[in-house]
Structures are given as C-alpha cells and as structure tokens.
Amino acid sequence: MTKEFELFDRMATHEQVVFCNDPATGLRAIIAIHNTALGPALGGCRMQPYNSVEEALEDVLRLSKGMTYKCAAADVDFGGGKAVIIGDPKKDKSPELFRAFGQFVNSLGGRFFTGTDMGTTMEDFIHAMRETNFINGLPEAYGGGGDSSIPTASGVLYGLKATNFTLFGNEELGTKTYAIQGLGKVGYKVAISLLEEGANIFVSDINNESLHAIELASSDLKGTLKIVPNEEIYSVDADIFVPCALGGIINDMTIPKLQVKAIAGSANNQLLADRHGIMLKEKGILYAPDYIVNAGGLIQVADELFGINHERVLAKTKQIYHTLLEVFKEASLTGNTTDEAANAMCEKRIENRKTRNNFYSAPLKPKWSIRK
Ligand code: NAD
C-alpha cells in the first residue's frame, strides 16, 4: 500500500472511523468503532489537548480495540468503540460543544454508545443526551447507573479473591498483605474493604488528603495500615500489588523492584508493553489482566439497558472471579502469559458469535431504547 493510502491500512481492523467537525462550537472529535460482532460499540469519550490529529487518531484506534476485548471478557452485549474530543477540558468545554457531539453520536443510529472518560464528566453528557439516546453512565437523576467506581471496586475485590485462591488455595481477603497504589474513587473503597476484612495494607498516593482520609478511617477497622512514599510502593514485602492509579506502571524500571506474588488492580493498561507480561511470568508473578479485573464499571454501564438495578450489577460483577480463574487456568495449561490467555479467550468469544446461526428474529428495539 502506498503512503497516500496508509490511513486506510491503519484502520484495517476497525469497522468505521468518524471525524466530527463543528466550527461553530469548536468541536473536533473522532469516533472509532472497532468491532460490533457482540453488539453495538460501547466506549467512553475522552477529552484531551492532543498535539495533532495523528495523536488523537492513534489513541482512539487503540482504545476502541481495547473496548472490544473488555466487552467480550465481561460478557456484555456490546462491541468496542471509543471517542476522543481534541481540546483542553479546563478551557474548551461548553454545553453547545457537547450537544454538537451528541448529534454526531445520534447520527450513528445506535451503532455507538458513549459516556464519560478521562477529561469528561457526567454533567457534560447531560448536554449530549439532549440530542441522543445513545449515552450511558449518566447520574441516577437522569436515568443512569450513577457512580461506576462502586462496581469497579467490587470487581477488584472479586479479582483479589480469585488471585488468592490461585496462589494460596483459599480466597480469604483478610489473611493477606496488599500494596495499594492510589486511593481515589476505586482504590479507597478497595482499601477500606480490605481493612474491614482484617488485611495488612501498604498504601501510597500523591494526594495527602487521600492519605489523611484513609488514616482516619483505618483506626476503627480490623486490619493494619502503613503509608509508604510513592516510589516505595513497588518494593514493599506484600502478597499482592494492587495498582489503582496510573497506567504503564509495570515496566523495566518497576519489575525488578517487585517482591509480590501477584498483581491485581483497577488501573487501565498496567503493562507498559506486552513484553512486560512475559517478564512478570519469568519472575513468577501472577498477573491478573487489568481489563478483566476493572470491568465492574463497564458491567454497570452495559446493564443500564435493562433498567437500573444495583444488586443485579453487583451479582454480574461476581463473574469476574470465575473469568479470572478460567484465564489463570488456561495460561497455566498453555504456557502463555495471562494477558495472552485473556486475549485468546475474548477472540474465541467473538469468533463463536460470528459463526453462530444468526437467523432473523424480532428486533431488539425495547432493549436498545433506554430513555424514550
Ligand atoms: P481517581 O482519579 O479517583 O483516583 C486515582 C488516585 O490515584 C488519586 O487519588 C491520585 O491522587 C492517585 N495517584 C495519581 N498518581 C499517583 C502516583 N504516581 N502514585 C500514587 N497515587 C497516584 O481514579 P479512579 O476512578 O479511582 O480510577 C483509578 C484507576 O482505575 C484509573 O487508572 C482508572 O482509569 C481505572 N478505572 C477506573 C474505573 C472506575 O469506575 N472509576 C473503571 C475502570 C478503570
């Protein structure tokens, strides 16, 4: 393929990429639909001051592909998509910009559902939803499921139980030691639950207020808490490292420091590169793939199509435990890394759906019309 057409090559595994331009509001966005074999594409909308269209396109293509795997692993009836808005979330937002974005989403006729991600808030999508029904993750007052960090934290705890079971033959949370990086919406809830169970936890956060809050809360709880400086969180003598802050933290610099037996946390894209999964395996550290462990929020967002029911969401989130055990078992049988085993499981789920007998039946209209 010549250089002139290389853009099409880069999108070769994507179904559709839509450039959205609205000079009146300053909206410049890209929506990428990676794969809809399992259902309409689902993925948040990120707003970031990208330096170029190239950088924004790279991000949206990578993130939308990731959503295909995440949806398949969580066993929800959605495929992978993502949107990026090019702009500074602190300066460039306006209600009209998000309404314009909502119109573009609507123009896809239900092939793409979206909501908040880095740089966007639920409030932004209250504007967008005035133009389209294909928004999820809204506040409860607007018919959405509300705070997704609750099921995400719950999913992390199921992930830790499955990891404990694989490492120690019992899933008990309270008898182990954990190193938690980041005490934000997810990490704080995970830390509190572990302390309630009686666990020993090491924690770090760049925000002193978060550290102060956990210190206050821990005095009434069964477990023990130790705050460590940010760089030390990688090298503490704990059973499991629980990353709940940044991506890319499993890399050439941090792997040599790790003393833990396993890693299981909510942070997205924990491995800086695929080869770091191999390095973990060689070091004998069990890695729980991030996109399986942190799927609780996605499960809630997907579940909105059936109406809001938090109990049902938490029950579905429990499946993370079984999915993770399946991935650990498959990795040990095949000799693959857990990341490779997880990807293979997702690809098989997608292939199975494509080859299934897909005869015509009544349209699923009521299921897809959440806010009519
Ligand atoms: P958050 O912004 O509420 O919390 C992140 C916390 O990490 C903050 O307290 C921040 O001060 C801290 N932090 C940042 N840099 C740090 C560093 N170098 N060392 C230690 N702490 C640091 O975010 P969140 O919603 O709790 O999400 C945490 C992670 O989980 C993110 O990677 C997010 O993408 C991922 N995730 C979250 C959800 C969800 O439902 N919230 C769902 C899936 C994945």
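Keep in mind that what you see is a predicted model, and the values were worked out from it rather than measured.

Undergrad: Could you clarify how one ought to interpret the sheet that holds strand S10 (residues 240–243) in this entry?
TA: Pairing between sheet strands relies on hydrogen bonds along the backbone, with the strands arranged either parallel or antiparallel. The strand order across the open sheet formed by six strands is S9-S8-S7-S10-S11-S12, and the pairing between neighbours is parallel. Either end of the sheet is taken by a strand with one partner, and the two such strands are strand S9 (224–227) and strand S12 (286–287). The pairing of strand S8 (residues 200–204) with S9 spans four bridges and is classified as parallel. Within S9, the residue paired with Phe202 across the bridge is Lys226. Contacts from helix H6 (residues 185–197) reach strand S7 (177–181), S8, S9 and S10 within the one sheet, and its direction differs from that of S7 by about 165 degrees.

Undergrad: Just to check I follow, could you spell out the site of the ligand for this structure?
TA: Not every one of the 22 residues close to the ligand is listed here, only the nearest: Thr152, Val186, Asp205, Ala245 and Ser266. Here Asn268 contributes a side-chain N or O atom positioned 2.9 Å from an oxygen atom of the ligand. Grouping the constituent residues of the shell around the ligand by class yields seven nonpolar, 13 polar and two charged.

Undergrad: What is the right way to look at the pairing of S7 in this model?
TA: Remember that side chains alternate between the two faces of the sheet whenever the strand is regular. Within S7, five of the five residues are buried, which leaves it mostly tucked inside the rest of the structure. Taking the sense of rotation as the criterion, the β-α-β connection linking S7, H6 and S8 turns out right-handed. Where S7 and S10 come together, four bridges link them in parallel fashion. Looking at S10, one finds that Tyr178 is bridged to Ile240.

Undergrad: Mind showing me how you'd approach the environment of Ile86 here?
TA: Within the element layout of this structure, Ile86 appears in strand S5 (residues 79–86). A relative accessible area of 22% places Ile86 in the partly exposed class. For the pair formed by Ile86 and Ser210, sequence separation is 124 residues and the distance between their alpha carbons is 30 Å.

Undergrad: Whenever I open this one, the packing of aromatic side chains confuses me. Can you help?
TA: Here the distance between the centres and the angle between the planes together describe a pair of aromatic rings. All chains considered together, the criterion is met by five aromatic pairs. An angle of 75 degrees between the planes, with centres 6.4 Å apart, marks the rings of Phe101 and Phe125 as edge-to-face. On the criterion of sequence distance, the pair formed by Phe101 in helix H3 (residues 95–107) and Phe125 in helix H4 (residues 122–128) is long-range, its members being 24 residues apart. Ring geometry for Tyr234 against Phe241: centres 5.8 Å apart, planes inclined by 65 degrees, an arrangement best described as edge-to-face. In terms of burial, Tyr234 and Phe241 fall into one category: buried. Three or more aromatic residues joined by ring pairs make a cluster, and in this case those are Phe78, Phe113 and Phe134.

Each value, and the rule that gives it
- Residues numbered from 1 in each chain as written.
- Predicted model: local features only at pLDDT ≥ 70, side-chain atom pairs only at ≥ 80, totals over all residues.
- Heavy atoms only, no water.
- Pairing = 2+ DSSP bridges.
- Helix = DSSP H or I, 4+ residues; strand = E, 2+ residues; numbered from the N terminus.
- Contact = heavy atoms within 4.5 Å.
- Axes fitted to C-alpha atoms, helices over the stretch in contact; angles between N-to-C directions.
- Near = heavy atom within 4 Å.
- Polar contact = N/O pair within 3.5 Å; in protein donor to acceptor, adjacent residues only side chain to side chain.
- Nonpolar A, V, L, I, M, F, W, Y, C, P; charged D, E, K, R; others polar.
- Buried < 20%, exposed > 50% of the residue type's maximum accessible area, 1.4 Å probe, protein only.
- Right-handed = clockwise from strand over helix to strand, strands pointing away.
- Phe/Tyr/Trp six-rings, centres within 6.5 Å; stacked < 30°, edge-to-face > 60°.

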